[in-house]
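Listed below, chain by chain, are the residues.
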Amino acid sequence: MPNYHSWQKAGGAIVMDADATAALHKMGVAATDDISKFTWFEDHESVIKAIYTGTEFLESAAAGDEVGIILETTSFYAEQGGQKEDMQVLMQSLWLGFCN
């Protein structure tokens, strides 16, 4: 079974239990690839594979929602929780096309 990790949030942690991990597996979501942890000082792109509230998976989240984000890849260690100083910023790519 793939290993996923927990996210700290205000007032507690969003923890993925065995049932949530099994649900991800059934949804076809592979464990997060963390090979990029060996590449330092470079930006890293990834894809959101799932959004988790601690009790259910969502199709989307809004500003202010406290959720865990399951990414396809990460530059952080996927296990052991990392260091409290480790920080990642999620930014949305936006492409604007113009038509005549």
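Our structure is the block above this text.
Criteria and thresholds
- Residues numbered from 1 in each chain as written.
- Predicted model: local features only at pLDDT ≥ 70, side-chain atom pairs only at ≥ 80, totals over all residues.
- Heavy atoms only, no water.
- Pairing = 2+ DSSP bridges.
- Helix = DSSP H or I, 4+ residues; strand = E, 2+ residues; numbered from the N terminus.
- Polar contact = N/O pair within 3.5 Å; in protein donor to acceptor, adjacent residues only side chain to side chain.
- Contact = heavy atoms within 4.5 Å.

Enquirer: Hey, could you go over the sheet that holds strand β3 (residues 48-52) for me, with residue numbers and the actual values?
Expert: Strand order in the open sheet formed by three strands is β4-β3-β5, and the pairing between neighbours is antiparallel. The strands lining the two open edges of the sheet, one partner per strand, are β4 (57-58) and β5 (68-71). Here four bridges tie β3 to β5, and the two strands are oriented antiparallel to one another. Directly across from isoleucine 48, in β5, lies its bridge partner leucine 71.

Enquirer: With reference to specific residues and values, describe the side chain of threonine 73.
Expert: Looking at the element boundaries, threonine 73 is found in the segment after β5. A polar side-chain atom of threonine 73 sits 2.7 Å from a polar atom in the side chain of histidine 44. Looking at threonine 73, its side chain comes within polar contact range of the main-chain oxygen of glutamate 45, at 3.4 Å. Apart from residues lying up to four places away in sequence, threonine 73 is in contact with Thr32, Asp33, His44, Glu45 and Ser46.

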